[in-house]
Amino acid sequence: MLKEIIVFCQQLELKPVLITTPFTEYYTKYFPESVLDEFYRVVYSIANEFTIPYFDYSRDPYFWKSPELFIDDDHLNSIGRTIFTKMVIDTIEKTGIFR
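In this report, we go over the structure that sits alongside the text. (Residues numbered from 1 in each chain as written. Predicted model: local features only at pLDDT ≥ 70, side-chain atom pairs only at ≥ 80, totals over all residues. Heavy atoms only, no water.)

### Here's the deal with the packing of aromatic side chains
Remark: the centre distance and the inter-plane angle together describe each pair of aromatic rings, the angle taken between the planes.
Here is step 1: Applying the stated criterion across every chain yields a total of eight aromatic pairs.
Here is step 2: Considering the side-chain rings of Y40 and Y44, the 6.5 Å spacing of their centres and the 40° angle between planes classify their relative orientation as tilted. Of the two residues, Y40 and Y44 are both situated in helix α2 (residues 33-50); the distance of four residues between them amounts to about one turn of the helix.
Here is step 3: Judged by its relative accessible area of 15%, Y40 falls in the buried class.
Here is step 4: Geometrically, the ring pair formed by F63 and F84 is edge-to-face, given 6.2 Å between the ring centres and 80° between the ring planes. Remark: F84 occurs in helix α4 (residues 78-95) and F63 occurs in helix α3 (residues 61-64); sequence separation between them is 21 residues. (Phe/Tyr/Trp six-rings, centres within 6.5 Å; stacked < 30°, edge-to-face > 60°. Helix = DSSP H or I, 4+ residues; strand = E, 2+ residues; numbered from the N terminus. Buried < 20%, exposed > 50% of the residue type's maximum accessible area, 1.4 Å probe, protein only.)

Next comes the structure, spelled out in structure tokens:
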């Protein structure tokens, strides 16, 4: 399904970007490393196949040990969302991918 969305965006001359949002250190306790490894293998494979950027904030140090920025282990609260949105915009602007 993700590939279909990417193709659809590219047909409309949109530039998709893949992002893994931040989560706390506690979140990874629920997943074996093998699950995360497979997730990253698939995401990087798709990003490479379509030559699109992938930004991984999942273990960003700013969020990793800041549970006060989350509603639960992997959903940002309003303060966390505001900070994260600014980070994403800054990253996209720095990379110049939309020029």
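Let's pick the thread back up.
### A closer look at the pattern of salt bridges
Here is step 1: Summed over the entire model, instances satisfying the criterion amount to five salt bridges.
Here is step 2: Between E25 and K65 there is a salt bridge whose closest N-O contact spans 3.2 Å. Placement of E25 in the loop between β1 (18-20) and α2 and of K65 in the loop between α3 and α4 is noted, with a sequence separation of 40 residues between them.
Here is step 3: The partner of R41 in a salt bridge is E38, with the nearest N and O atoms 2.6 Å apart. Pair noted here: R41 and E38 are both in helix α2, with a separation of three residues, about one helical turn. (Salt bridge = Lys/Arg side-chain N within 4 Å of Asp/Glu carboxyl O.)

### Here's the deal with the nonpolar core
Here is step 1: The biggest cluster of nonpolar side chains holds ten residues, and these are I6, L18, L36, Y40, V43, I46, A47, F50, I52 and Y54.
Here is step 2: For this core, the leading source of residues is α2, giving six residues.
Here is step 3: Discounting residues that sit within four places of it in the chain, L18 has contacts with L2, I6, V43, I46, A47, I52, P53, Y54 and F55. (Core = buried A, V, L, I, M, F, W, Y, C linked by side-chain atoms within 4.5 Å. Contact = heavy atoms within 4.5 Å.)

### Some thoughts on unusual backbone geometry
Glycine aside, residues mostly have negative phi angles, and peptide bonds mostly take the trans form.
Here is step 1: The residue E13 is not glycine, and still its phi comes out positive at about 60°.
Here is step 2: Take E13: it is sitting in the loop between α1 (2-11) and β1.
Here is step 3: The exposed category is assigned to E13, whose relative accessible area is 73%.
Here is step 4: Phi at T51 is positive, roughly 50°, even though this residue is not glycine.
Here is step 5: Mapped onto the secondary structure, T51 falls in the loop between α2 and β2 (54-56).
Here is step 6: Judged by relative accessible area, T51 falls into the exposed class, the value being 70%.

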